[in-house]
Amino acid sequence: MNMKIPAVFGMVVLGLSGLLFAQYTSQTDSVTFVAEVAQFIEVQVTPPSINFGTLNPLANTTSTTSVDVTNTANSNVDIKLTLSGSNFTSATDEIDITNLRMSASAAAPAAGSFIESMTNAEKACTSTVFNGGQDCSDVLIDSTVNLWFNFFVPGGKKAGTYSSTINIKSDGII
Amino acid sequence: MDRFFLSFVFITLLSAAVFAQEAAPKLSFGTIQPDRGATTYPGSTLKFDVYFFIDEAYGTRAAHITISPALVPQDWLVSVDPPLNDVTLNISGVVVSGSENLNVDPRPLLSAVPETSESGIYYIASPSGKGYLQAKKATIQVEIPDNAEIGKTFDLSMTGTAKYYGSAGAVLFTQSRGFSYQITVIAPTYSEQVITQPAANESALNTTEGSEGNKSSSVTVSQNTVISQGGFSTEQVLIIVVVAVVAVLAVTKLPGMMGSGKN
């Protein structure tokens, strides 16, 4: 009878150990590792301005050079361009920004081929919007798109020096 | 011979001067966004660092940068360090005034991080592998209100705009970049509660392939109550049975064996 108690105790301990072992061996744990790589974007714009020269009313003039936008080698994502602009203002008058049209093209487009107007609100490049042969909605790393501008002077505007500021926004494509 | 040499030097210097003058200014704007989101608690404060740089290979003009909120959830407070400051600049003899959070000058890529680092400059390896960018840091601080909805992911967006001085023309250019973050608000302490129990019909689970979905329970982190599902796995039940059989055998047979051993 004296031997029963230690024997049963030993069996219970053995059983509990088995339970514990079974619990550990049957459980599958997974650890998720997440590594976020920082987003680098560097964009070069050159030249820093466009001068259309002296224009006549109702004239439709294309810039003599393109504005080259480069997603530099310091970037690690492709980028999408979004453009917006302020109205052209002089000391006494204003010309709506929609009279400025833009096209992404390797060569100077014909004046009649400009379709998309600039707006005060942000307007994103797509595969069709602002696409004159180049897609400014996906500018690869270390590559350049050439942006050409065409300006129409509406009738009834006073003589003067007009200027506008165009903002080029670059968003990483992830 | 001397006259020829002097002419050559003069022409070379003149060409260099003309080239330097003709080189078109380049506007560059470099940004580094290390974080795209975070998980946090109501009433907490988050900080997101953003870095700005101009590699002088791509930019020749200083960028004057403002950082402003574009999309901020209601009642959330956002601030930027360094804060917006009014500045007056002399640009080629013309005095201009403006506001900026910070300005960044064109700097070269460095082949190695200098032993003595410059105050306020962070040396960050370029993805190009060609060296180290010299960047300045701004910190976006976000204060989450106490009543922010738990379990919801909020979108927060900031815009960094680079302005350049010294150009004249009908159309001038600025550059901008969006910094978007997804911020998930959770309860300060972890908790788990089963909202829906899995279907109890074990045989249905075994025979119907499509019923696998029933095994998953919907869990929400909303209260501090933990309801345990309990129960043993098949392996555990087998071990319990084995242990029980051994124990019964031990109780019934072992004393006799022990006793015979004694004798």
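Look a little higher up for the structure.
None of these values were measured; they are calculated from a predicted model.

Rules used in this analysis
- Residues numbered from 1 in each chain as written.
- Chains lettered and ligands numbered in written order.
- Predicted model: local features only at pLDDT ≥ 70, side-chain atom pairs only at ≥ 80, totals over all residues.
- Heavy atoms only, no water.
- Helix = DSSP H or I, 4+ residues; strand = E, 2+ residues; numbered from the N terminus.
- Buried < 20%, exposed > 50% of the residue type's maximum accessible area, 1.4 Å probe, protein only.
- Contact = heavy atoms within 4.5 Å.
- Areas by Shrake-Rupley, 256 points an atom, 1.4 Å probe, with all protein chains shown as cover.
- Buried area = accessible area lost by both parts, 1.4 Å probe.
- Salt bridge = Lys/Arg side-chain N within 4 Å of Asp/Glu carboxyl O.
- Polar contact = N/O pair within 3.5 Å; in protein donor to acceptor, adjacent residues only side chain to side chain.
- Nonpolar A, V, L, I, M, F, W, Y, C, P; charged D, E, K, R; others polar.
- Pairing = 2+ DSSP bridges.
- Patch = residues over 30% accessible without salt bridge, like charges linked within 9 Å, V, L, I, M, F, W, Y side chains within 5 Å.
- Core = buried A, V, L, I, M, F, W, Y, C linked by side-chain atoms within 4.5 Å.
- Phe/Tyr/Trp six-rings, centres within 6.5 Å; stacked < 30°, edge-to-face > 60°.
- Disulfide = S-S within 2.5 Å.
- Lys, Arg positive; Asp, Glu negative; His and termini not counted.

A. The arrangement of the overall build of chain B in detail. A tally of helices and strands in chain B yields 3 helices and 14 strands. A total of 263 residues make up chain B; the buried ones form 30% of that total. Sequence-distant contacts, at least 24 apart, represent 69% of the contacts inside chain B between residues at least 6 apart. When the accessible surface of chain B is summed, it comes to about 15900 Å², and 56% of that surface belongs to carbon and sulfur atoms.

B. Seen up close, the interface of chain B and chain A. Taken residue by residue, the interface counts 51 residues in chain B and 48 residues in chain A. Across the chain B/chain A interface, buried area totals approximately 4100 Å², and carbon plus sulfur atoms make up 62% of it. For chain B, the biggest contributors to the area lost against chain A are Tyr58, Val171 and Phe173 of chain B; these three give 17% of the whole. At the surface where chain B touches chain A, the tally comes to 0 salt bridges. Where chain B meets chain A, there are 26 residue pairs in polar contact (both at pLDDT 80 or more). It is helix α3 (residues 234–262) of chain B that contributes the most residues to the side of chain B that touches chain A, 12 residues altogether. Residues belonging to the side of chain B that touches chain A are distributed by class as follows: 31 nonpolar, 14 polar and 6 charged. Of the pairings in the sheet, the one linking strand β11 (residues 164–173) of chain A to strand β12 (residues 171–185) of chain B comprises 6 bridges and is parallel in character. If you follow Ile166 of chain A over to β12 of chain B, its bridge partner there is Phe173 of chain B.

C. View of a nonpolar patch on the surface. All names here are of chain B. A contiguous nonpolar surface patch, about 250 Å² in accessible area, is contributed by Val241, Val245 and Leu249. Secondary-structure assignment places Val245 in helix α3. Among the residues examined, Val245 registers a relative accessible area of 46% and is labelled partly exposed.

D. Up close: the nonpolar core. Among the nonpolar cores identified, the biggest contains 62 residues, and Leu81, Leu83, Leu100, Leu147 and Phe149 of chain A together with Phe52 and Phe173 of chain B are the most heavily contacted of them. Here the element with the most residues in this core is β12 of chain B; it accounts for 6 residues. For Leu147 of chain A, the contacting residues outside a window of four places in its chain are Ser66, Val67, Val69, Leu83, Met102, Ser103, Ala104 and Ile168 of chain A. Grouped together as the second largest cluster of nonpolar side chains are 8 residues, Ala38 and Phe40 of chain A together with Ile124 and Ala135 of chain B included.

E. Inspection of the packing of aromatic side chains at higher detail. Counted according to the given criterion, the structure contains 8 aromatic pairs over all chains. Taking the centre distance of 6.0 Å and the plane angle of 15 degrees together, the rings of Phe29 of chain B and Phe52 of chain B count as stacked. Linking Phe29 of chain B in strand β1 (residues 27–33) with Phe52 of chain B in strand β3 (residues 45–53), this pair joins segments that are 23 residues apart in sequence. Comparing Phe29 of chain B with Phe52 of chain B, the two get one shared label, buried. Here the aromatic residues Phe52, Phe88 and Phe151 of chain A are joined through ring pairs into a cluster of three or more.

F. Highlighting the state of the cysteines. All names here are of chain A. All chains considered together, the criterion is met by 1 disulfide over all chains. Paired by a disulfide, Cys125 and Cys136 hold their sulfur atoms 2.1 Å apart. Note on the Cys125 and Cys136 pair: the S-S dihedral is about -95 degrees, so by sign convention the disulfide is left-handed. Residue Cys125 is found in the loop between β9 (123–124) and β10 (143–152), and its partner Cys136 is found in the loop between β9 and β10; the two are separated by 11 residues along the sequence. Taken as a pair, Cys125 and Cys136 share a single burial class, namely buried.

G. Structural view of the environment of Asp55 of chain B. Along the chain, the position of Asp55 of chain B falls in the loop between β3 and β4 (63–71). Given the relative accessible area of 5%, Asp55 of chain B is considered buried. For Asp55 of chain B and Ser28 of chain B, which are 27 residues apart along the polypeptide, the C-alpha to C-alpha distance reads 7.6 Å. The contacts of Asp55 of chain B, once residues within four sequence positions are left out, are Glu42 and Asn74 of chain A together with Arg107, Leu109 and Leu133 of chain B.

H. Region of the structure containing the side chain of Asp55 of chain B. As a buried residue without a salt bridge, Asp55 of chain B has its nearest oppositely charged side chain in Lys130 of chain B, at a separation of 7.9 Å. Polar contacts involving the side chain of Asp55 of chain B include one to the side chain of Asn74 of chain A, which spans 2.8 Å.

I. Structural view of unusual backbone geometry. The omega torsion across Thr46 of chain A and Pro47 of chain A is 0 degrees, close enough to zero to call that bond cis. Here Pro47 of chain A shows up in the loop between β1 (39–46) and β2 (49–50). Of note, the amide linkage connecting Asp81 of chain B to Pro82 of chain B takes the cis form, showing an omega dihedral of 5 degrees. The residue Pro82 of chain B is located in the loop between β5 (77–81) and β6 (85–91) in this model. Phi at Leu58 of chain A is positive, roughly 70 degrees, even though this residue is not glycine. Secondary-structure assignment places Leu58 of chain A in the loop between β2 and β3 (60–62). Non-glycine residue Asp75 of chain B carries a positive phi angle of around 75 degrees. Checked against the element boundaries, Asp75 of chain B lands in the loop between β4 and β5.

Limitation: the analysis is restricted to geometry and does not speak to function.
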